[in-house]
Amino acid sequence: MNIAVVGTGYVGLVVGACLAETGNQVAGADVDASKIDRLKQNILPIYEPGLEDLVERNQAAGRLSFTTDVRDAIGRSEVAFIAVGTPPGEDGSADLRHVLAVAEEIGKAMKREMVVVTKSTVPVGTAAKVADCVAKHAKHPFHVVSNPEFLKEGAAVADFMRPDRIVIGECRGPEALDMLQAMKTGHAGSLTTIHSNGPRDALARIETMVLMSGADLPLRAIREQVAAAIDLVVYVERMQDGTRKITQISEVRGYESELITMQDLFVFQREGYDGQHVLGGLRPTGIRPGFSDQLTSRGIDLPLNWFGYEGDAAFEADRS
Ligand SMILES: NC(=O)c1ccc[n+]([C@@H]2O[C@H](COP(=O)([O-])OP(=O)(O)OC[C@H]3O[C@@H](n4cnc5c(N)ncnc54)[C@H](O)[C@@H]3O)[C@@H](O)[C@H]2O)c1
């Protein structure tokens, strides 16, 4: 995938080098000509363990390049990351001038449908402003994705390459999923929010999104991948009293006879309604979770009585 990272400061440099390392074609673009000159010679403005090696190796391999020609970098890309600074303004709020200037530039420079990703730290509501700025000049469809950076200085490369989790807001279209797949950033510990009518329906919707993204795979293969990638589905429902409660926690067990097998570990038991509140609580089903052995083998103590498991096979069979 061709990616432009606009702003090659702390964040942009780490993001660009890591995306090149995962096989993408990355152009790091910045208005600071001396910074770009030095980067071309593998001289980095910051020290971050492993970064210099990544920059050098990926420049040598032709996957990472640096330029002051922001417009050209965007014109060659399908995805543009906005990673410019957002210095605090006079009232302490983030100054969005650079972010919105880049958004306008993206609108002018784009030559195809694009995903525009904001990496900079920005207040809620910025995605709409970014979309407005891109739209002023855009001649192609585009999608704005908010992907704020949470890097820890000193561990930025390691955090990017092996994040302990990825949080994605609701996937409204296939492009976010598509982009994540393309960047090969699917790691253990990711979290995704899907609107659905239950845990099984959530899996069906993921299948549909993968199909919509144009994946040329048989349904069986998609199901196998979904079953392998997802461990737990936590289902949150809006109740009659207006509150949101977790009403089901289901474990994805595997794939059998062309179906994904699931098992409820916790289910909300409704015990009544007092006119104002829904009464009841999340109760264990008595099923021993499939991941318990894995955790135990890693030295993590997981009391099985949390799950209502009493160690009795007949009891479990009865419950299931
Ligand atoms: N540094 C961190 O640890 C960190 C962590 C999380 C989030 N962030 C956020 O990420 C964003 C970037 O931070 P940073 O530390 O990388 O900033 P930085 O100041 O190191 O880099 C920003 C770069 O953007 C360039 N730039 C500015 N306007 C431009 C334009 N119109 N076109 C092209 N390039 C332009 C600047 O020349 C500079 O090189 C900020 O919003 C920051 O709050 C930073």
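Residues numbered from 1 in each chain as written. Predicted model: local features only at pLDDT ≥ 70, side-chain atom pairs only at ≥ 80, totals over all residues.

K.L.:
Would you explain the overall build of the chain in this entry?
P.N.:
For the chain, the helix and strand inventory stands at 12 helices and 12 strands. A total of 320 residues make up the chain; the buried ones form 29% of that total. Pairs at least 24 residues apart make up 59% of the contacts formed inside the chain by residues separated by at least 6 positions. (Helix = DSSP H or I, 4+ residues; strand = E, 2+ residues; numbered from the N terminus. Buried ≥ 20, exposed ≤ 12 C-beta atoms within 10 Å, placed from the backbone. Contact = placed C-beta atoms within 7 Å.)

K.L.:
Can you walk me through the packing of helix 1 (residues 10-21) against helix 3 (residues 51-60) in this structure?
P.N.:
With their axes 9 Å apart at the nearest point, helix 1 and helix 3 run at an angle of 55° to one another. Our classification of the angle between helix 1 and helix 3 gives oblique. In this structure, helix 1 crosses over helix 3, and the sense of that crossing is left-handed. In this structure, helix 1 contributes Leu13, Val14, Ala17, Cys18, Ala20 and Glu21 to the contact, and helix 3 contributes Leu51, Leu54, Val55 and Asn58. Looking at the contact of helix 1 with helix 3 residue by residue, the class counts come to eight nonpolar, one polar and one charged. (Axes fitted to C-alpha atoms, helices over the stretch in contact; angles between N-to-C directions. Parallel < 35°, antiparallel > 145°, perpendicular 65-115°, else oblique. Left-handed = near helix turned anticlockwise from the far one by under 90°. Nonpolar A, V, L, I, M, F, W, Y, C, P; charged D, E, K, R; others polar.)

K.L.:
It is not clear to me how helix 6 (residues 126-137) should be interpreted in this structure. Could you clarify?
P.N.:
Note that an α-helix has 3.6 residues per turn; residues three or four places apart therefore point the same way. Among the residues of helix 6, those classed as buried are Thr126, Val130, Cys133 and Val134. In a view along the axis of helix 6, the buried residues occupy a sector of 95°, so they form one face of it. Every exposed residue of helix 6 that faces more than 90 degrees away from the buried side is listed here: Ala128 and Lys136. Where helix 6 is buried, its residues touch helix 5 (97-109), strand 5 (114-118) and strand 6 (142-146). (Arc of directions from axis to C-beta.)

K.L.:
Could you clarify how one ought to interpret the site of the ligand in this entry?
P.N.:
Looking at the ligand, there are 26 residues lining it, with Gly7, Gly9, Tyr10, Ser120 and Thr121 nearest. Among the secondary structure elements, those contributing two or more residues to the shell around the ligand are helix 1 and helix 5. Its residues assigned to classes, the shell around the ligand shows 11 nonpolar, nine polar and six charged. (Near = placed C-beta within 6 Å.)

K.L.:
What exactly am I supposed to notice about the packing of helix 9 (residues 199-212) against helix 10 (residues 219-229) here?
P.N.:
At their nearest, the axes of helix 9 and helix 10 sit 10 Å apart, and the two run at 125° to each other. Between helix 9 and helix 10, the interaxial angle falls into the category oblique. As helix 9 packs across helix 10, the resulting crossing turns out to be right-handed. Here helix 9 contributes Leu203, Ile206, Glu207, Val210 and Leu211 to the contact with helix 10, which in turn contributes Leu219, Ile222, Arg223 and Val226. Class assignment of the residues belonging to the contact of helix 9 with helix 10 gives a composition of seven nonpolar, no polar and two charged.

K.L.:
Looking at this structure, I do not really get the sheet that holds strand 3 (residues 64-67). What am I missing?
P.N.:
The strands making up a sheet are joined through hydrogen bonds of the backbone, oriented either antiparallel or parallel. The sheet built from six strands is open, its strands ordered 3-2-1-4-5-6 with parallel pairing. Two strands lie at the open edges of the sheet, namely strand 3 and strand 6, each paired on one side alone. Across the sheet, the mean angle separating the axes of adjacent strands is 20° when strand polarity is ignored. Pairing of strand 2 (residues 25-29) with strand 3, which is carried by four bridges, proceeds in the parallel orientation. Bridging across to strand 3, Val26 finds its partner in Leu64. (Pairing = 2+ DSSP bridges.)

K.L.:
For this particular structure, what's the right way to read helix 9?
P.N.:
Helix length check: helix 9, at 14 residues, gives a terminal C-alpha distance of 20 Å against a target of 20 Å (1.5 Å per residue), a fit within 8%. Every buried residue belonging to helix 9 is among Pro199, Ala202, Leu203, Ile206, Met209 and Val210, and all of these are buried. Taken end-on, helix 9 shows its buried residues confined to a sector of 115°, consistent with a single buried face. (Expected span 1.5 Å × (residues − 1).)

K.L.:
In this structure, what is going on with the nonpolar core? I would like to understand it.
P.N.:
As a rule of thumb, soluble globular proteins bury nonpolar side chains together. Grouped together as the largest cluster of nonpolar side chains are 48 residues, with contacts concentrated most on Val6, Ala80, Phe81, Ile82, Ile106 and Val116. It is helix 1 that contributes the most residues to this core, eight residues altogether. Those residues in contact with Ala80 that lie beyond four places of it in its chain are Ala4, Val6, Ile74, Ile106, Met114, Val116 and Val117. With nine residues, the next largest nonpolar core counts Ala202, Ile206, Val233 and Tyr235 among its residues. (Core = buried A, V, L, I, M, F, W, Y, C linked by C-beta atoms within 7 Å.)

K.L.:
Teacher, can you tell me more about the sheet that holds strand 9 (residues 232-238) here?
P.N.:
The sheet built from four strands is open, its strands ordered 9-10-11-12 with antiparallel pairing. Because the sheet does not close on itself, it has two edges, and the strands there are strand 9 and strand 12 (278-284). Strand-to-strand twist across the sheet, computed as the mean angle between neighbouring axes with direction ignored, equals 30°. Judged from the seven bridges that link them, strand 9 and strand 10 (residues 244-256) form a sheet pairing that is antiparallel. Bridge pairing links Tyr235 to Gln248 in strand 10. Those strands touched by helix 10 are strand 10 and strand 11 (259-273), and its axis lies near 120° from that of strand 10.

K.L.:
Teacher, can you tell me more about unusual backbone geometry here?
P.N.:
Residues other than glycine predominantly adopt negative phi, and peptide bonds predominantly adopt the trans conformation. Backbone geometry places Asn42, a non-glycine residue, at a positive phi of 60°. Tracing the backbone through its elements, the reader meets Asn42 in the loop between helix 2 (33-40) and helix 3. Positioned with a positive phi, Ser257 is a non-glycine residue whose angle comes to about 45°. Structurally, Ser257 can be placed in the loop between strand 10 and strand 11. Exposure remark for Ser257: the 5 C-beta atoms within 10 Å place this residue in the exposed category.

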